[in-house]
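Examining the three-dimensional arrangement
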Amino acid sequence: MMQLKGILTVLAMLLISMNTLSQEHFVTGKVKSEEGVALPGATVKVASSQTGTTTDIKGKYKIRMPEDHNVLIFSFVGYKNKRVEVNDKETINITLEKKSQEISEVVCVGYGGAKAKEKLTGSVDHVDSKELMTQQSAASVDEMIGGMMAGVRIKSNSGSPADPNKIRIRGRSSLKQVTGNAMVASSQPLIILDGVPLEDVSAPNEANDMVKKKVNPLAMINPKDIESITVLKDASATAIYGANASNGVIIINTKDGQQGETKFDYTSRMGFSQPINHFQFLNTEEYVTLAKETLMNSGYTEEKAMEQIGPTDVYTNWFDLVSRTGITQKHNLSFSGGKSGLNYRFSAGYFNNKSIGKGNNLDRITTRLNLTADLTDKLQWNFILGVSKMKKDVFSAFQSISFPPNLSPYDEDGSYNDDPPFNNLLNPLAGLAQNENWIKNFYTNGSTKLRYQITPNLKLSSTFGVDYNSKETYVFYSQQNALGSNRGGYIARLNKNRLKWISFNQADYQLTIQDNHNLEFLAGFQMENRNDLVLKGTNSDLPFEKIKELGISETENSKTRSNTGSFGSVSYYGRMSYNYRNRYYMNMNFRSDAASVFGGDQRRENFASVGLSWVISKEAWMEQFDNLDMLKIRGSYGNTGNSRIGTYAAQGLYQYSDRYGYGGVLGAQPHQPPNKHLTWEKNYKFNIALDIGLFERMDIKFEHYVNTTRDAITTMKVPFESGFNNIPVNAADMRNKGWELTLRNQVLQSENWNWTVDFNIASNSNKILALGNDQNYVPASSYNSAGLIIGEEVSSILALRYAGVNPQTGDAQYYLNDGSITTNGDIANQPKHRVVVGKSSPDAHGGLNTTIQYKNWTLTGMLSYEWGGYLMLPYNSFRFNSDGTQILIHNQSVNQLDRWQEPGDQTDIPELSLDNRPVKNTTRNLFDRTHIHFRNVSLSYKLPEHLVEKFKLDMLQVNITVDNLGYWYKSDSNPNRNGIAEYRYTYPVSRTFTLGLNAKF
Amino acid sequence: MMRTTLYIMLSLLMLLSATSCEEFLNRDPEDKISNDGLFKDMTGVKYALAGAYNSLADNDYYRKNFILNAELKGGNVKFSSNIVEMYMDRYRDTYNFNHSPNDERTSYYFYRHLYEVLNMANNVIANTPDAKGGTQAEKDHVLGEARTIRALAHFDLVRLFARRYDYTNNAQHPGIVIVRQSPDVFDQPERSTVYETYRFIVDDLKQAINLLENSPSKDKGDLWISAATAKAILARVYLYKEDWNNAIDMATQVIQNNNYNLVPHQQYVEKFTQDQPSQEDIWMLDNSYELAEALSKFIGVPGNADKTQMSVSKDLLNLYEQEDVRQELFTTYENDTVCRKYQAENNIESNIPMVRLPEMYLIRAEASARIGEPIQARSDLDKIRKRANPDAPFPNLTGQELIDQIILEKRKELALEGHLFYELKRLGRDINRTDCNATRNQNLTYPDYRYVMPIPKDEMDYNQNMIQNEGYK
């Protein structure tokens, strides 16, 4: 009893004290929209308390601020929440902003489907045209997405805009080629442009084999026409694409017309490029010193050595001779609009690039038309046609930069030097002036689609798409220089035509039961067909060089060859989506594929996936967490496949040849064994993820995945009794495991300022789980640092461990597999001494993207980074670090100046001698490729409206951009020596300054 | 109602599209032909058979290396002083009996190529019965030819990769992998015993003889396998198997065949310098399909090259008597002695002698001597000796002396035709090379393990059931 009394007393005292201490504080005000309209029924809450009210019909409110609370939260459906600090203010009027696109954003999910982000169960990344604005200088579409999305990695091979880039989504899910002729499935993602799958030029294909120079189909599309790029990563998102979705799917949609007046849009850009990170060679004095030292170490007398080396007073900088300031020009004009059921957009673009290497020019014209017409109330027609044309001049300018600096490109009379070595190797200046080498490409990508809305719930659609490419390659080597002299002049023409069509018909049906159960169904059927034709003609011993066409010399000097290929596939697909009160989602996909590459029982394969998600933040009990806008957990599991292994991979084939005949009878001999077991690579994808939205301005996405590849295809050796020595087999199981984190943060937002930062990071680890025959597969060639080893990464690098230079003798030393040390390069070079020393794929990679807007000024910047991962010195650079052995043929890297000269010298570079046997694949030549790539910075200014109106324009913007600012490499410490920055690309990369102008009217 | 419409629409879609789906997916390449497509009719079968014949005339078989292997190891041939580094490197291990399972040139290519030949022969054997068109006689002839090729390749494999027949009692030591049909690429086949291997070879040849005798083909010349070819090869196989009576029987059947007669003494040299099969050639290989020089560049008269890479050894040259017409086949070229059996013109090599009638006489002679019928043996030996040297005295020898004389005669008669080393191994004789520039193993004592080639490492790695030959690691 006493106790109760005591408690009551304490409580009463507390209440009294609170009342007396707090000054009763009310806040009043009005809540409006941006347009100034009052918002009735908006919620006004005191943060971290139960106190709250709603606005009245005029948008007014009055609320009492409890003690120790200082923050009010205003919210209204469809508008962004706003937090305001009260700080003793008594009146607070608030303007709420409409929710940005971000939250209600719609993304593609394949086969015409589009879903609000919130409804997704799969892993999907999406970039729209606004975000792509930061990548305006990109020449091809794939370059635009580098560093933009977690887990998507773009590897540029050469830096030339028309060459195919490697795109890897969540690592490599097919095996890599460990020997030159091994057949592996393509690791490129499936790319779909307006519903039509693009050709995978990296996929093995008999007809491709004749074509050395490949043109990136994405380089034939104008980046300005892109509306959005969507990357599908997990099973729930990709399984509807079944057989070709193992490596992920990229869906590219182009812009279409919008109802309303016709709008014109013109952009013009002009850029200048300079080489960066170019390889540093010895100058003439250094070269002569090192060459002399090398020869004298190899037993030459000084006199003999100098005779061998040649002139000491010729100073040729080969790099300067073949490089120049690159110039890029771009012009785009588009118009779009829509009237009474007809929407249209047309664009034309011109691109011209003169790259930093002389003789490399690219000229491209792209056009694109998009029409949508309502034929009747229920029938809609859509027509898209892209036509583009490109011409590219090719010259291997930088192949010549290693000629010795004491060699002159000219004879004394000013003509091109054709004395040795230019009798065998091309004098680049002669090549530029006398030879021709170009590619012309004509590309059409288009589709026509009919949509029939039978009832509000049921829709049928039929799409027919075409992808046609015609490529012409032409080479002319004059007999006046080394490339043509030994064959009396040479002409080669190669034409490749590829026609692909795809047709798919599908039905979409949706229904809602009892208001809470929402269901969507999709069922479809697809056929795809592809035909290739390659025609090649060559002609040597040209009687004269005025007419540069085939067939002008005797028939025996004129040869033709052709090759054809054909591919077909037939697929069924379906999707079912269900959700309960927009909180619990389920998504199931099914696909059945049959492809002509496989035989018999293996021909058809079925794929399926299921995805689940739960929008936790929509639960009633979550409402108390004001700052949490979105909390969603999702997971998926399913399988996809990969059939891109060539045209006739599973068939037993014979080939005819006039060399296989006998006794006057035409002969045929086996070409490849029947391979009835060969089947699809399958990829089982598991994904779990968390989506979080905070404070109305931050999105966090975390994903974890485990992708297991089964039956990965590669060429393996087989017992000789089969009559063959190797065959493509479903040889390996492999796993990719990793996580991805994406942060999108609106750091600052006010009337004048807007600052966003997007950051992403991804980590992937790969492991080979099993190999056919339980055998590790390590090629016998010592020049190959690749290998497939059970338990190791697929990108493992196999090399010899370098033991440094013996300070007493100056010999290079290597560890053998038994731990002993040898100085004998021949012994060291045996493949059995190589061990796994690293891997080429990074531990983690990602990008950072920021936009700062102040009034009419916008500054954007972008970088990407990688850490972990190694690079084995490419052969090209190895020749320039030859420890003396190639010094008479190639100028050497400045790093060779640090060679061993006398006992006691501590260095990694041995005594220079012609007799050295340098080993390429050693840890001496292994580099950590951890780096940051500063991709671009751009500043733009939008002219004030009153100025623009004078010119009768809607908008006028000018900008300046710097692309490829530079690279930072962890491992490059010595500024006067070559490092990974110089070694990484075969030819130097360039930095580009661009001035641009954009007008809308 | 609505749902019904949906179902109708959907099933219509599926139906329309599912028609001839299989046909849509069956794609044939246009510049190659699927196995099924090739073997559909007899025309295709004949192309495949021609391809199989062609594979016998491969550099890694009778066109070059199988012959050089016999002659370098046996001691009929040595390296020329002019040999270029590349060829020295290529043939050094053969000459030095220095084979290793890791060697990817010598034993590797024999093993690999001979099984490629077998795959081609087996494809013909398996598919001919169901091929459209052609008479039964035509099909039988093709089958007989393919079986002969199959038996020959098995025989050559067992000569290279296994011990001689009498190495163990009843030949129970490891032979080779027999391929009755092309094994699946995933099979892990096992070696049979030498006994089983020979049984298979003999059986194949017997069936071939049956098939070929029932379907004599008039239009095919001596570049194609006939019943006599199969019999001649069977006689050779019996000799290696030491089945003397059957060897005599087979050799006799060929000798009694009126189509074949010894070329007379006067035309002997001419026979070798003209390209066409002569009356004593039971089978020659057409060697005109590869446009490059082969044996002529090594031990023959080269057409283009200014040097030969090898030279006939004194060990062989000293065996011939002054009056022996066979001496005239040898000529000096630069500082080397070369043999006119191999010549090239416009990069086309002369045809390759596979079986000649004199071999049949010598087989019958040796087998007869061994079963104690020296009269037949002496008569056959004398025939071959007299043909080469009409003044040669009658060989009044018996027992081992007679046998030795026959074997010596065989070395002289079939010199550089790819027999010597295989014969020495069959006889269990030591290798004694006097005029020799090998740097190792100039002499070898039977039964050194080097008489047998190693199984290539790749085969060991990828066939779990393969057993390596003794002595090789």
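Residues numbered from 1 in each chain as written. Chains lettered and ligands numbered in written order. Predicted model: local features only at pLDDT ≥ 70, side-chain atom pairs only at ≥ 80, totals over all residues. Heavy atoms only, no water.

Residue and element names in this part refer to chain B. Domain annotation for chain B reports domain 1 (36–78 + 94–258 + 449–462) and domain 2 (357–413). Relative to domain 2, the C-alpha centre of domain 1 lies at a distance of 28 Å. Across the contact, 15 residues belong to domain 1 and 13 residues belong to domain 2. On inspection of domain 1 and its partner domain 2, the count reaches 1 salt bridge. For Glu 359, the salt bridge goes to Arg 236, with nearest N and O atoms at 2.7 Å. Joining domain 1 to domain 2, the criterion identifies 3 residue pairs in polar contact (both at pLDDT 80 or more). Among the secondary structure elements, those contributing two or more residues to the side of domain 1 that touches domain 2 are α10 (227–241) and α11 (244–255). In terms of residue count, the dominant contributor to the side of domain 1 that touches domain 2 is α11 (8 residues). Across the side of domain 1 that touches domain 2, the residue classes tally to 9 nonpolar, 5 polar and 1 charged. (Domains from an automatic or database assignment. Contact = heavy atoms within 4.5 Å. Salt bridge = Lys/Arg side-chain N within 4 Å of Asp/Glu carboxyl O. Polar contact = N/O pair within 3.5 Å; in protein donor to acceptor, adjacent residues only side chain to side chain. Helix = DSSP H or I, 4+ residues; strand = E, 2+ residues; numbered from the N terminus. Nonpolar A, V, L, I, M, F, W, Y, C, P; charged D, E, K, R; others polar.)

Moving on to the interface of chain B and chain A. By convention, interface size is frequently given as the accessible area that disappears when the constituent parts associate. With 66 residues of chain B at the interface, the matching set in chain A holds 67 residues. Summing both partners gives a buried area of about 5,800 Å² for chain B against chain A, and 63% of it is carried by carbon and sulfur. Of all residues in chain B, Arg27(B), Tyr289(B) and Tyr462(B) bury the most surface against chain A, accounting for 14% of the area lost on that side. Summed over the shared surface of chain B and chain A, the result is 17 residue pairs in polar contact (both at pLDDT 80 or more). Within the residue set of the side of chain B that touches chain A, elements represented by two or more residues are α1 (2–18), α2 (21–25), β1 (33–34), α3 (35–38), α4 (42–56), α7 (107–127), β3 (281–285) and α18 (457–462) of chain B. With 9 residues, the single largest contributor to the side of chain B that touches chain A is α1(B). (Buried area = accessible area lost by both parts, 1.4 Å probe.)

Looking now at the pairing of strand β46 (residues 955–969) of chain A. Residues and elements named next belong to chain A. Of all 15 residues making up β46, 11 are buried, and the element is well covered by its neighbours. Both strand β45 (residues 931–942) and β46 contribute to a ladder of 11 bridges, which runs antiparallel. By the bridge assignment, Leu 939 is partnered in β46 with Ile 960. (Buried < 20%, exposed > 50% of the residue type's maximum accessible area, 1.4 Å probe, protein only. Pairing = 2+ DSSP bridges.)

Given a rise of 1.5 Å per residue, 26 residues ought to cover 38 Å, and the 37 Å separating the end C-alpha atoms of helix α8 (residues 136–161) of chain B matches this to within 8%. When you tally the buried positions in α8(B), you get 23 out of 26 residues, the bulk of the element. (Expected span 1.5 Å × (residues − 1).)

Now for the nonpolar core. Grouped together as the largest cluster of nonpolar side chains are 147 residues, with contacts concentrated most on Trp283(B), Met360(B) and Leu416(B). Ranked by residues supplied to this core, first place goes to α8(B) with 12 residues. When residues are assigned to domains, this core turns out to be shared by domain 1 (36–78 + 94–258 + 449–462) and domain 2 (357–413) of chain B, each giving three or more. Beyond its immediate stretch of four places on either side in the chain, Leu416(B) contacts Ile67(B), Glu71(B), Asn76(B), Val77(B), Ile299(B), Val312(B), Leu316(B), Phe330(B), Cys339(B) and Tyr342(B). Counting 32 residues, the second largest nonpolar core, distinct from the first, contains Met144(A), Met220(A), Val231(A) and Met862(A). (Core = buried A, V, L, I, M, F, W, Y, C linked by side-chain atoms within 4.5 Å.)

Once that is clear, we can look at the sheet that holds strand β30 (residues 653–662) of chain A. Hydrogen bonds between backbone atoms are what pair the strands of a sheet, whose relative direction is either parallel or antiparallel. Overall, antiparallel pairing links the 3 strands, which are arranged β31(A)-β30(A)-β1(B) in an open sheet. Each end of this open sheet is capped by a strand with a single partner; those strands are β31 (665–672) of chain A together with β1 of chain B. With 6 bridges joining them, β30(A) and β31(A) adopt antiparallel strand pairing. When the bridges of β31(A) are listed, Gln655(A) appears paired with Gln669(A). Contacts from α4(B) reach β30 and β31 of chain A within the one sheet, and its direction differs from that of β31(A) by about 80°. Sheet strands touched by α7(B): β30 and β31 of chain A. Its angle to β31(A), the strand with the most contacts, is close to 110°. (Axes fitted to C-alpha atoms, helices over the stretch in contact; angles between N-to-C directions.)

As a further point, take the side chain of Arg269(A). All names here are of chain A. Within the element layout of this structure, Arg 269 appears in strand β17 (residues 260–276). Here Arg 269 sits buried without a salt bridge, and the closest side chain of opposite charge, Asp 963, lies 5.2 Å off (N-O distance). A polar contact of 3.2 Å, which involves the side chain of Arg 269, links it to the side chain of Asn 959. (Lys, Arg positive; Asp, Glu negative; His and termini not counted.)

We now examine a positive patch on the surface. Residue and element names in this part refer to chain A. A surface patch of positive charge is lined by Lys 30, Lys 32, Lys 58 and Lys 60. Secondary-structure assignment places Lys 30 in strand β1 (residues 25–33). Using a relative accessible area of 30% as the deciding quantity, one classes Lys 30 as partly exposed. (Patch = residues over 30% accessible without salt bridge, like charges linked within 9 Å, V, L, I, M, F, W, Y side chains within 5 Å. Areas by Shrake-Rupley, 256 points an atom, 1.4 Å probe, with all protein chains shown as cover. Charge placed at Lys NZ, Arg CZ, Asp CG, Glu CD.)

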